[in-house]
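Structure at a glance
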Amino acid sequence: MGTLSSAVKVLGQFGNMAGSINSIYSGYNAAKTLLGDSDQKDALRREQELAMRQLIEAQNAGLQKAEEQAGLERQKISADAQSTETARRAALKRAMARQKVQYGASGLSAMDGSGEAVLLGMFEESDQERQTREKLDGLRNQAIDLDIADRNRINVLQRTQLQERQKLDTMLL
């Protein structure tokens with residue numbers, strides 16, 4: 001019976017050792033998982049940083065191109081406005097000269113009350129056209145500014161969405 005109890009004791013010790021080995025193995029697997037997760041997290045973090053850099057670079061390039069386009073569009077609006085203003089003034093001078101010639105041919109003076117009123121009316125009509133054109137040019141410039149501002153808002157939104165998606169991916173890992 002002594003050998004049986006010795007055998008049971010030895011088997012008990014083997015059982016304890018097996019439990020210890022299982023505990024060690026479980027600890028090893030947990031450490032391996034944590035280390036593996038750490039490697040995965042590092043890889044995910046690097047991937048996310050790269051994605052964010054690429055998004056920012058693409059957005060900056062797009063914004064720069066849009067701002068250059070906006071600058072060119074503003075220059076075009078300004079050049080058109082100058083050209084139109086020059087043409088308007090020349091047309092006004094011609095119309096006033098023509099009207100003065102007509103008054104002179106009919107024996108009236110352009111400086112008479114009615115002649116002066118007609119010339120003043122021509123000037124005011126021309127000035128109203130200029131004001132309307134300036135308002136339209138202002139609206140065009142505002143539309144350009146709004147387009148750039150919208151692009152900036154969209155860029156911020158896209159970056160925020162990417163950051164939130166990346167946070168979610170990190171939490172799920």
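Residues numbered from 1 in each chain as written. Predicted model: local features only at pLDDT ≥ 70, side-chain atom pairs only at ≥ 80, totals over all residues. Heavy atoms only, no water.

**Section: the overall build of the protein chain**
Looking only at helices and strands, one finds 2 helices and 0 strands in the protein chain. Here the protein chain, with 173 residues, has 16% of them falling under the buried criterion. By sequence separation, contacts in the protein chain at least 24 residues apart represent 80% of the contacts at least 6 residues apart. A total of about 13,100 Å² of accessible surface is found on the protein chain, and carbon and sulfur atoms cover 58% of it. (Helix = DSSP H or I, 4+ residues; strand = E, 2+ residues; numbered from the N terminus. Buried < 20%, exposed > 50% of the residue type's maximum accessible area, 1.4 Å probe, protein only. Contact = heavy atoms within 4.5 Å. Areas by Shrake-Rupley, 256 points an atom, 1.4 Å probe, with all protein chains shown as cover.)

**Overview of the pattern of salt bridges**
Within the structure shown, the criterion is met by 12 salt bridges. With its nearest N and O atoms 3.6 Å apart, the salt bridge here joins E85 to R133. Remark: R133 occurs in helix α2 (residues 113–172) and E85 occurs in helix α1 (residues 2–106); sequence separation between them is 48 residues. Judged by its relative accessible area of 13%, E85 is buried. Across the pair D150 and R153 runs a salt bridge, and its minimum N-O distance is 2.3 Å. Taken together, the positions of D150 and R153, both in helix α2 and 3 residues apart, correspond to about one turn of that helix. Classification of D150 by relative accessible area gives partly exposed; the value is 35%. Through salt bridges with shared partners, a single ionic network connects E85, R88, R89 and R133. (Salt bridge = Lys/Arg side-chain N within 4 Å of Asp/Glu carboxyl O.)

**Comments concerning a nonpolar patch on the surface**
Judged by side-chain polarity, L168, M171 and L172 come together as a nonpolar surface patch covering roughly 370 Å² of accessible area. For L168, the position within the fold is in helix α2. Residue classification places L168 among the partly exposed positions, given a relative accessible area of 44%. (Patch = residues over 30% accessible without salt bridge, like charges linked within 9 Å, V, L, I, M, F, W, Y side chains within 5 Å.)

**Focus: the nonpolar core**
One finds L63, A66, A70, I77, I144 and I148 forming the largest nonpolar core, which totals 6 residues. Residue contacts for I77: discarding those within four places in its chain leaves D137, R140, N141 and I144. (Core = buried A, V, L, I, M, F, W, Y, C linked by side-chain atoms within 4.5 Å.)

**Some points on the side chain of R88**
Mapped onto the elements of the fold, R88 is located in helix α1. The exposure class assigned to R88 is buried, which follows from its relative accessible area of 13%. In terms of polar contacts, R88 uses its side chain to reach the side chain of E85, at 2.5 Å. Discounting residues that sit within four places of it in the chain, R88 has contacts with S126, D127 and R130. (Polar contact = N/O pair within 3.5 Å; in protein donor to acceptor, adjacent residues only side chain to side chain.)

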